[in-house]
Amino acid sequence: MEYSRSPLLRNKFSVARLAEEFFWIGGSIIATPRWKMGQIVEKCMSSMQAGTQMIKLRGSSKGLVRFYYLDEHKSCIRWRPSRKNEKAKISIDSIQEVCEGKQSEIFQRYADGSFDPNCCFSIYYGDHMESLDLVSSSGEEARTWITGLKYLMAGISDEDSLSKRQRTRDQWLKQTFDEADKNGDGSLSISEVLQLMHKLNVNLPRQKVKQMFKEADTDDNQGTLDFEEFCAFYKMMSTRRDLYLLMLTYSNHKDYLDVDDLRRFLDAEQKMSDVTKDHCLEIINQFEPCPENRQQGALGIDGFTNYMRSPAGDIFNPEHYHVNQDMTQPLSHYFITSSHNTYLMGDQLMSQSRVDMYAWVLQSGCRCVEVDCWDGPDGEPIVHHGYTLTSKILFKDVIETINKYAFIRSEYPVILSIENHCSVAQQKKMAQYLTEVLGDKLDLSSVRNEDPTKLPSPENLKGKILVKGKKLPANISEDVEEGEVSDEDSADEMDDDCKLMNGDASTNRKRVENIAKKKLDSLIKESKIRDCEDPNNFTVSTLPPSGKLGNKHDLKKNKHEEEVDSGQEAIINKRHNRSLMGSFSKRKKKGSKLKRASSPEDGEDDSDCQGNVARGSVHYSKTNRQKKTMKLSRALSDLVKYTKSVGSFDVESEISSSWQVSSFSETKAHQILQQKPAQYLRFNHNQLSRIYPSSYRVDSSNYNPQPFWNAGCQLVALNYQSEGRMLQLNRAKFNANGNCGYVLKPTCMCQGTFNPNAEDPLLGQMKKQLVLRIISGQQLPKPRDSMLGDRGEIIDPFVEVELIGLPVDCCKEQTRVVDDNGFNPMWEETLVFTICMPEIALIRFLVWDHDPIGRDFIGQRTISFTSMMPGYRHVYLEGMEEASIFVHVAVNDICGKVKQALGLKGLFLRNPKQASLDSHAAGQLNRKDSFSSHLLRRTASAPTKTQKKARKGFPEIAIDTKDHGSEGTGDGHALEDSSHPRFDQEPERGSPAPSLREGAFREAPGKGLKVKN
């Protein structure tokens, strides 16, 4: 479509003036009167769709003039010209923040006066908060875009999940059609459709595609498909055989479900209680597209597919989108989502510090943020990572941002973890800003706490901000304005060999840059920078202390054994390390220098800022520990009440007060977890523990949080800027309670003691058996880093399911490989897991593309065990529009001791019948794999060479199983042949099911309904 200048562009001044009547409060819009809002929005949308010529700023070169416009579906921003063609876009869904003015780091690189601030704005988008920095020709144009984008963001955030799912599907179909239309004539030829089939990972015979093409081509323009015809073609192609057979099972082989059929399905399979006729009719009216069927109260295959693909068929419990746990217990009884060095955008040595990170982290649900405070110029305290080249931001700006965004996502308390490195004078300034900006949010006088020996509850602390920091001893007179406190309780102090600066005012920048390069090179060579999660034993490896590394052979061996096979995390970390090292690798060539990090103090000499630091972190040895103290301001001390920072002392000692927070590095916490696990658990009953990453993680990688959750540690701080496996586990953990930032610990972690590392940690307690039937996949894409992109080979997918929790519970299972089918692969395999403590278990679904030399990561979805819904469910892969896997979930109670077997002999055989659980008797479950079976499994999954054999979670005998459908997470029928339709056998009736691939499936007899125990 050719965009030309319209009269609307000449009226942008009036649009912008109307836009000024908007008041933006946390991304929401308040406008009066209502008719004006409609006018403003309509004009903004029209102007944005007409398009605007703007300058895109880049960090290392001149700006690029591009034409930006909102697409016709109002789903993404596009621009031209671009070498990315159709990929040159930013979806509205991915936009995190729109900031007016010259606030981003890119703008700071340009001299003052280069651009009018009123014409500048930045769009932050994606998981890594990338920025698109734009300069318009006038302030009115900039405000039009800011207004329109914020409106679209607010509309999407308020949209219900069903509408969003449908909108996303419609947009995806239109986008797919447009990208397939190579010549831009608004229609698709048969050759373009065949190319699209390959892109979508569909391996259908050409004759079958041509037949469906001909059936969909119904207009006068024969030989091409317009968009409506393409939708009909896609519908024919994507008709689900598994869902069709499931419908036949419960409809007594009719081509539709009537009200009684639907009620029986919802009750027997989906474990929905008290299903009424009216509720079934509501489902039919909402999801059935055919008017005749709606009138007759019938749900056909299209309506049934719509229902099962809707949020009602999602594996995630919809009640868990909201707070669903008791929030009236003491703070120490909750896991609290926490951020480490919140202000940093990238690595720990040279990346940018930004106030935007606080806004993003808080809005993502985080409840504990970190603020590293140092003396700054002109008496203004600053925030940055000390002894490094990270840029600096004003403490006041940080507090104002926290005040603005603290309670938009969650109303429960925020903990401000203050790392205080300031002089007394600037500490008073900090206290002044905290008091003036945060106001009543700091006032805890009204907080009711019935038991003063325990911490108050999240419910009682709603809307409050707790300052975590040092506090003056009680024996110091209240009239004294400052006093001495221990400096040994400072968390997050850096080891000496990770510092780039040591307070030496004479250190010049070039020398510091050289030091940075050498430090980073040496740390990487010594294997101190790595992801320390062993994917098979789920513990954190203790890092070697400085100067006590093993020989080179051991180092190479350790590095080889600890390679990560978790796909996305590995890819991201490799990219990050490459980019990080790339910034250092060419320093000696041509005498090139690093660009100066931007900050509010860019005009000041870095050495002056560092010279003002009176103290630094001290690395203590066990043999020669000195008593280190610092001066603390009374004003700052008085702001600390329930969260006093203390040192990491012996976990076996008696706790003097629950109003304190002990901070442990990951290595120290791991040592305690190995040596005194039960005592550590008891230690966390009444007081808070904070875990933070090792100082050797200068690449901002994350450790595995699960072992520390197993010990009841509440504040497990992660680097939010490093997306990957660990943050996915963190999100899954806290999504279980509405992503409010607080998740209630199991009762056994709040009272009593057990060893979380034991083989049977909870003797005599009932265990859970999770039976997962992996049925099929839908629209699985090619790997993101595929060398040939969409032109690459059609994928050979398989599914891996990982259980993460207590060490005794952790294991992996996987399906066989399906060749040449990413569009609708069928596995029809059953995986079984035994879980001792389901309350803290996470279930991780991973989809891989089998390759002769390894495997490529496709996507993942991680959810809490307690958030899983029973019955037939779709697992939507995180961050993907349509990709999903279809599963059946059943959960049983198990009494007695359950012995773990090595695996199931025929699990990866190509015959689905042999691969299913139903074809094996209980007495066969404990047979060891033969050598040929072992070889077959390795060939099918193609694990990495360093991967150890995962311990399997398959029980020999399930003794005394009980149905727990009433809990909303399971049923007890999964082991019976007659309980489920099999999608790989022929139905009894001759009713034809839509065929997608000849010989790909065999249909199943759907006799009878499941009978409840």
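**A look at the packing of aromatic side chains**
Applying the stated criterion across every chain, the model contains 20 aromatic pairs. Clustering of aromatic rings is evident, with ring pairs tying together Phe-177, Phe-227 and Phe-230. Over the aromatic face of Tyr-256 sits the side chain of Lys-254, whose NZ or CZ is 5.5 Å from the ring centroid. The cationic tip of Arg-855 hangs over the ring face of Trp-848; the distance from NZ or CZ to the ring centre is 3.9 Å.

**A word on the nonpolar core**
Most often, soluble globular proteins have nonpolar side chains that are buried together. Among the nonpolar cores identified, the biggest contains 78 residues, and Val-371, Phe-395, Ile-402, Leu-416, Tyr-680 and Ile-691 are the most heavily contacted of them. It is helix 15 (residues 356-363) that contributes the most residues to this core, six residues altogether. Ignoring sequence-local partners within four residues, the contact set of Phe-395 consists of Val-371, Cys-373, Pro-381, Ile-382, Val-383, Ile-418, Met-430, Tyr-433 and Leu-434. With 37 residues, the next largest nonpolar core counts Phe-798, Ile-843, Met-868 and Val-889 among its residues.

**Thoughts on the pairing of strand 4 (residues 64-70)**
With five bridges connecting them, strand 3 (residues 52-56) and strand 4 associate as antiparallel partners. Pairing of Thr-52 across the sheet is with Tyr-68, part of strand 4. Strand direction decides the pairing type here: strand 4 and strand 5 (residues 76-80), joined by four bridges, are antiparallel. Of the residues in strand 5, the one forming a bridge with Phe-67 is Arg-80.

**With respect to the environment of Ala-717**
With respect to the secondary-structure elements, Ala-717 resides in strand 25 (residues 715-718). Looking at Ala-717, the relative accessible area reads 0%, which means it is buried. For the pair Ala-717 and Ile-336, spaced 381 residues apart in sequence, the C-alpha to C-alpha distance is 9.1 Å.

**Focus: the packing of helix 7 (residues 190-199) against helix 8 (residues 206-216)**
At a minimum axis separation of 11 Å, helix 7 and helix 8 run at an interaxial angle of 125 degrees. Looking at the two axes, helix 7 sits oblique to helix 8. Handedness of the crossing formed by helix 7 with helix 8: right-handed. For the pair helix 7 and helix 8, contact is made by Ile-190, Val-193, Leu-194 and Met-197 and by Arg-206, Val-209, Lys-210 and Phe-213, respectively. Broken down by class, the residue content of the contact of helix 7 with helix 8 amounts to six nonpolar, no polar and two charged.

**Re the confidence of the model for the chain**
Per-chain confidence: the chain averages 74 in pLDDT, with 67% of residues scoring 70 or above. Scored below 50 in pLDDT, residues 503-509 makes 13 contacts in the model with residues more than four places away or belonging to other chains.

**Some details on helix 16 (residues 395-405)**
Burial in helix 16 covers these residues: Phe-395, Val-398, Ile-399, Thr-401, Ile-402 and Tyr-405. End-on, the buried residues of helix 16 take up no more than an arc of 160 degrees, which puts them together on one face.

**Structural notes on the sheet that holds strand 4**
One open sheet holds the seven strands; their spatial order is 6-5-4-3-9-8-7, and the pairing between them is antiparallel. Of all the strands in the sheet, just strand 6 (89-91) and strand 7 (95-100) have a single pairing partner and so form its edges. Averaged over all pairs of adjacent strands, the angle between their axes in this sheet comes to 30 degrees, without regard to strand direction.

**A few points about the environment of Met-48**
Among the structural elements, Met-48 can be located in helix 3 (residues 34-50). Residue classification places Met-48 among the buried residues on the basis of a relative accessible area of 0%. Measuring from C-alpha to C-alpha, the distance between Met-48 and Tyr-69 comes to 5.4 Å, with 21 residues separating the pair along the chain. Apart from residues lying up to four places away in sequence, Met-48 is in contact with Tyr-68, Tyr-69, Leu-70, Thr-144, Trp-145, Gly-148, Leu-149 and Leu-152.

Cut-offs and rules
Residues numbered from 1 in each chain as written. Predicted model: local features only at pLDDT ≥ 70, side-chain atom pairs only at ≥ 80, totals over all residues. Heavy atoms only, no water. Phe/Tyr/Trp six-rings, centres within 6.5 Å; stacked < 30°, edge-to-face > 60°. Lys NZ or Arg CZ within 6 Å of the ring centre and 35° of its normal. Core = buried A, V, L, I, M, F, W, Y, C linked by side-chain atoms within 4.5 Å. Buried < 20%, exposed > 50% of the residue type's maximum accessible area, 1.4 Å probe, protein only. Helix = DSSP H or I, 4+ residues; strand = E, 2+ residues; numbered from the N terminus. Contact = heavy atoms within 4.5 Å. Pairing = 2+ DSSP bridges. Axes fitted to C-alpha atoms, helices over the stretch in contact; angles between N-to-C directions. Parallel < 35°, antiparallel > 145°, perpendicular 65-115°, else oblique. Left-handed = near helix turned anticlockwise from the far one by under 90°. Nonpolar A, V, L, I, M, F, W, Y, C, P; charged D, E, K, R; others polar. pLDDT = per-residue confidence, 0-100. Arc of directions from axis to C-beta.

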